[in-house]
Amino acid sequence: MAINNDKEFKRALLGMNPAKLRLAAAGFIDSVLALSTDPRVATAVKVAKQAEVGEAELEMQLRSVQAAALASYTQCGKLCDWNGQAGHFVAKAAARCVEPLTDGGAHSVWEGAMDARMARTCEVIATGEGTENNEAQVQYRIVESLLNS
């Protein structure tokens with residue numbers, strides 16, 4: 001199944017089971033993980049990818065990555081730079097891959113995808129390379145791969 005726009009992307013997310021949704025969310029973060037310097041974010045993504053992860057471990061990682069997001073938000077309020085803002089959005093996205101996936105989880109994963117896109121946009125602004133953002137295309141390929149596996 002080829003995904004070419006956000007409407008198809010959202011439809012695909014709605015059709016995924018919670019395990020694949022969690023992997024999709026982790027994949028979205030993998031794509032922008034280098035924009036975060038907080039090790040709690042990388043740990044949360046690693047845990048989210050585990051097939052046999054328990055709810056208690058996910059809850060512990062959620063609390064940890066939420067603390068990372070709060071810390072980065074607080075720093076951005078004082079010494080805001082675009083790279084720091086990118087790290088904040090990566091941390092927010094990471095919370096989506098370890099939080100409980102209620103109501104199927106597609107909405108939460110969609111929000112994580114948007115946070116990952118915002119992180120990439122912040123990076124583009126920080127580097128001054130322009131405003132083209134291909135992160136959506138990367139996400140489409142991640143979901144396509146999971147649907148075909």
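Before reading further, recall that the structure is shown in the block above.
Quantities reported herein were computed from a predicted structural model and do not represent experimental measurements. (Residues numbered from 1 in each chain as written. Predicted model: local features only at pLDDT ≥ 70, side-chain atom pairs only at ≥ 80, totals over all residues. Heavy atoms only, no water.)

Q: Mind showing me how you'd approach the packing of helix H2 (residues 18-32) against helix H5 (residues 82-98) here?
A: Pairs of packed helices are described in terms of their axes, by the angle between the two and the distance that separates them. The N-to-C vectors of H2 and H5 enclose an angle of 160°; their axes lie 8 Å apart at closest approach. As far as their axial angle goes, H5 and H2 are roughly antiparallel. In terms of crossing hand, the pair formed by H2 and H5 is left-handed. Contacts between H2 and H5 involve Arg22, Ala25, Ala26, Ile29 and Val32 on the former and, on the latter, Val90, Ala93, Ala94, Arg96, Cys97 and Val98. Classifying every residue of the contact of H2 with H5 by side-chain character gives 9 nonpolar, no polar and 2 charged. (Axes fitted to C-alpha atoms, helices over the stretch in contact; angles between N-to-C directions. Helix = DSSP H or I, 4+ residues; strand = E, 2+ residues; numbered from the N terminus. Parallel < 35°, antiparallel > 145°, perpendicular 65-115°, else oblique. Left-handed = near helix turned anticlockwise from the far one by under 90°. Contact = heavy atoms within 4.5 Å. Nonpolar A, V, L, I, M, F, W, Y, C, P; charged D, E, K, R; others polar.)

Q: Any chance you could explain the state of the cysteines here in plain terms?
A: Here, disulfide denotes a covalent bond that connects the sulfur atoms of two cysteines. In this structure the tally under the stated criterion is 0 disulfides. Sulfur of Cys97: no disulfide; nearest cysteine sulfur belongs to Cys122 and is 19 Å away. (Disulfide = S-S within 2.5 Å.)

Q: Before we go on, may I ask you to explain the environment of Met60 in this structure?
A: Tracing the chain through its elements places Met60 in helix H4 (residues 55-79). A C-alpha to C-alpha distance of 9.0 Å links Met60 and Val98, two positions 38 residues apart in sequence.

Q: Would you mind going over H5 with me for this structure?
A: Because an α-helix packs 3.6 residues into every turn, residues spaced three or four apart end up facing the same way. Counted at 1.5 Å a residue, the expected span for H5 with its 17 residues is 24 Å, and the 25 Å between its end C-alpha atoms agrees. Of all 17 residues making up H5, 13 are buried, and the element is well covered by its neighbours. (Expected span 1.5 Å × (residues − 1). Buried < 20%, exposed > 50% of the residue type's maximum accessible area, 1.4 Å probe, protein only.)

Q: Would you mind showing me how to read helix H7 (residues 135-148) here?
A: An ideal rise of 1.5 Å per residue puts 20 Å on 14 residues; H7 measures up with 20 Å between its terminal C-alpha atoms. Those residues of H7 not exposed but buried are Glu135, Ala136, Gln139, Tyr140, Ile142, Val143, Glu144 and Leu146. The inward-facing, buried residues of H7 contact helix H1 (6-14), H2 and helix H6 (106-127).

Q: In this structure, what is going on with the environment of Ala56? I would like to understand it.
A: Here Ala56 lies in helix H4. Overall, the relative accessible area of 65% leaves Ala56 in the exposed class. Between the C-alpha atom of Ala56 and that of Leu35, which follows or precedes it by 21 residues, the distance is 27 Å.

Q: Any chance you could explain the pattern of salt bridges here in plain terms?
A: Side chains that carry opposite charge are capable of pairing whenever their charged atoms lie near each other. If you walk through the whole model with that rule in mind, you get 10 salt bridges. Here Asp38 makes a salt bridge to Arg40, at a shortest N to O gap of 2.7 Å. Residue Arg40 is classed as partly exposed on the basis of its relative accessible area of 30%. The salt bridge partner of Glu144 is Arg141, with a shortest N-O separation of 2.8 Å. (Salt bridge = Lys/Arg side-chain N within 4 Å of Asp/Glu carboxyl O.)

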